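Working through the structure, step by step
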Amino acid sequence: KLAELPRAPCGLLASSLSVFCLCSSLAIGTTTGYRLFSLSSVEQLDQVHESNEIPDVYIVERLFSSSLVVVVSHAKPQQMNVYHFKKGTEICNYSYSSKILSIRLNRQRLVVCLEESIYIHNIKDMKLLKTIMDTPPNTTGLCALSINHANSYLAYPGSATSGEIALYDGNTLKTACTIPAHDGPLAALAFNSTGSKLASASEKGTVIRVFSIPGGQKLYEFRRGMKRYVNISSLVFSMDSQFLCASSNTETVHIFKLEHLTDSRPEEPPTWSGYMGKMFQAATNYLPAQVSGMMNQDRAFATVRLNISGQRNICALSTIQKLPRLLVTTSDGHLCIYNLDPQDGGECVLIKKHSLLGSGKTEENKENDLRPPLPQSYAATVARQSTVPSTSTMPGYSEDGGALRGEVIPEHEFATGPVCLDDENEFPPVSIRDP
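Residues numbered from 1 in each chain as written. Predicted model: local features only at pLDDT ≥ 70, side-chain atom pairs only at ≥ 80, totals over all residues. Heavy atoms only, no water.

A word on the overall build of the protein. The helix and strand inventory of the protein stands at 4 helices and 31 strands. Here the protein holds 435 residues, and 55% of them are scored as buried. Counting only contacts in the protein whose residues sit at least 6 apart along the sequence, the fraction spanning at least 24 positions is 51%. (Helix = DSSP H or I, 4+ residues; strand = E, 2+ residues; numbered from the N terminus. Buried < 20%, exposed > 50% of the residue type's maximum accessible area, 1.4 Å probe, protein only. Contact = heavy atoms within 4.5 Å.)

What follows deals with the packing of aromatic side chains. Under the defined criterion, the tally for this structure stands at 5 aromatic pairs. Ring geometry for Tyr94 against Tyr96: centres 6.2 Å apart, planes inclined by 25°, an arrangement best described as stacked. Their ring planes at 25° and their centres at 4.8 Å tell us that Phe222 and Phe256 sit as a pair that is stacked. Of the two residues, Phe222 sits in strand S21 (residues 218-223) while Phe256 sits in strand S24 (residues 252-257), which places them 34 residues apart along the sequence. What makes Phe256 buried here is its relative accessible area of 0%. A network of ring pairs unites the aromatic residues Tyr94, Tyr96 and Tyr119 as a single cluster. (Phe/Tyr/Trp six-rings, centres within 6.5 Å; stacked < 30°, edge-to-face > 60°.)

Glancing now at the pattern of salt bridges. Per the counting criterion, the structure on display carries 7 salt bridges. A salt bridge links Lys352 to Glu43, with the shortest nitrogen-to-oxygen separation between them at 3.2 Å. Here Glu43 lies in the loop between strand S4 (34-39) and strand S5 (45-51) and Lys352 lies in strand S30 (residues 349-355), a separation of 309 residues in the sequence. Overall, the relative accessible area of 54% leaves Glu43 in the exposed class. Between Arg104 and Glu61 there is a salt bridge, with the nearest N and O atoms lying 3.9 Å from each other. (Salt bridge = Lys/Arg side-chain N within 4 Å of Asp/Glu carboxyl O.)

An order of S26-S27-S28-S30 is seen for the 4 strands of this open sheet, with the pairing classed as antiparallel. Each edge of the sheet is formed by a strand with only one pairing partner; in this case those strands are strand S26 (313-320) and S30. Across the sheet, the mean angle from the axis of one strand to that of its neighbour is 25°, orientation sign disregarded. In this structure, S26 lies alongside strand S27 (residues 323-330), joined through 8 bridges in antiparallel fashion. (Pairing = 2+ DSSP bridges. Axes fitted to C-alpha atoms, helices over the stretch in contact; angles between N-to-C directions.)

We now examine the side chain of Arg35. Examined against the element boundaries, Arg35 turns out to sit in strand S4. Of the polar contacts made by the side chain of Arg35, one reaches the backbone oxygen of Leu356; its length is 3.3 Å. Engagement of the side chain of Arg35 in a polar contact is seen with the backbone oxygen of Leu357, the distance being 3.4 Å. When near neighbours in sequence (up to four residues on either side) are disregarded, Arg35 contacts Leu26, Ala27, Ile28, Gln47, His49, Glu50, Leu356, Leu357 and Gly358. (Polar contact = N/O pair within 3.5 Å; in protein donor to acceptor, adjacent residues only side chain to side chain.)

Let us look at the sheet that holds strand S20 (residues 207-212). Read across the sheet, 4 strands follow the order S18-S19-S20-S21 without closing on themselves; strand pairing throughout is antiparallel. Pairing within the sheet leaves two strands with one partner each, and these edge strands are strand S18 (186-191) and S21. Pairs of neighbouring strands in the sheet enclose a mean axial angle of 20°, with direction left out of account. One ladder, built from 5 bridges, connects S20 with S21; its direction is antiparallel. In the sheet register, Phe211 faces S21, and the bridge partner there is Lys218.

With that settled, the discussion passes to unusual backbone geometry. Put simply, Ile213 and Pro214 share a cis peptide bond, and its omega is 15°. With respect to the element layout, Pro214 can be found in the loop between S20 and S21. In this structure, Phe64 is a non-glycine residue whose phi angle is positive, near 50°. Positionally, Phe64 belongs in the loop between strand S6 (57-62) and strand S7 (68-73). By relative accessible area, Phe64 is classed as buried at 3%. Here Ser152, not a glycine, exhibits a phi torsion of approximately 50°, which is positive. On the secondary structure map, Ser152 appears in the loop between strand S14 (144-145) and strand S15 (153-157).

As a rule of thumb, nonpolar side chains are buried together in soluble globular proteins. Among the nonpolar cores identified, the biggest contains 24 residues, and Met80, Ile100, Ile103, Leu110 and Val112 are the most heavily contacted of them. For this core, the secondary structure elements donating two or more residues are S6, S7, strand S8 (76-84), strand S9 (89-95), strand S10 (102-105) and strand S11 (109-113). If you look at the next biggest cluster of nonpolar residues, it comprises 17 residues, including Val236, Cys245, Phe301 and Cys348. (Core = buried A, V, L, I, M, F, W, Y, C linked by side-chain atoms within 4.5 Å.)

The next point concerns the environment of Leu235. On the secondary structure map, Leu235 appears in strand S22 (residues 232-237). When near neighbours in sequence (up to four residues on either side) are disregarded, Leu235 contacts Ala188, Leu189, Ala190, Ala199, Ser200, Ala201, Ile208, Leu244, Cys245 and Ala246.

Averaged over every residue, the pLDDT of the protein is 75; residues scoring 70 or more account for 67%. Ignoring residues within four places in sequence, the model shows residues 421-435, a span with pLDDT below 50, making 63 contacts including any to other chains. (pLDDT = per-residue confidence, 0-100.)

We now examine the side chain of Asn151. Counting through the fold element by element, Asn151 comes out in the loop between S14 and S15. Sequence-distant contacts of Asn151, that is, excluding residues within four places in its chain, are made with Ser146, Asp169, Gly170, Asn171, Thr194 and Gly195.

Below is the structure:
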């Protein structure tokens, strides 16, 4: 969703990408403030909001397509500001004991990650529900929050020296399990849309693993490459969980397909190659686990060759105009859109490149009409209508800190009077995030 990117000459500081099935929401932080965009088609990139009130924004997170946006600036890196951007109103602000490294949010929870602690807020009224203290040193603020608020699973490093994942239930406020995912420290984490799968990568960046949630069983293992270690900056599932995309500081973006070929392949005819294939598969049962595992690892289903390397970027898989697309935002201020062949994979084709720092067309009201549909397969060609919750307004934000007994409430200052979102319809329907 969000990654802090190196300061670029063009003024781009951060980029946050949220993707729905038919439309995309993009938020970027710049040296002068932040901008919000809507991508309704391949050709059309609309700027829906621009703010220059807070300079040097390095974190900007929007709650799906609602009017709630969370901002953190280099000017006050220990303070989180929550805004209703359509009304131009500050909902509240919280100050913490050290620099805010990342923020994650869904319809139920807002998570603030510091280097050695994590704060969990109830997003409906911003009460502080839980503080996870003395977490292993997490200098990059690595964490992932399930966008499915029915479970609100939170994943973060359980060790600073190994690839252990700590899984926390953000709804029950209890530890779910720990997953020994990698030998080396973690570099990337990502949930699928339902919170039933979790992808991870270590600092080596050679192997990506997918685990079942909440059990923590390993489901898939993909090899990104063996020639060199890389820094994986972005892991993301497609909405239907059929694909997993990984990008790094190299020029190659990898897309993996999540499927069990052994379960779906028809019986092969009795050919010499088929016989040898079965013999090879049987032989792996007698080899050391490390060797047989490497032989069974799947490689990329599709790839993209970027014209830049050495920079962090953020990727997303989306369905735009009823076709599967790969979106790549780069730290030099561009959004690149590629076609993805869901059947044969291969090299993805660049079809459009947008500049994120030019003068965008502002359409404050147009985005209210965009309604993300239910998750559907990439093979689907007809968008289904979605339903909306029966409630019409979001509860106002209270002035009660609401922390559990014995926990320290960060200093905060609320805006005068309760602030509500215009319409609960601004949220994606509950059904698109739930299993």
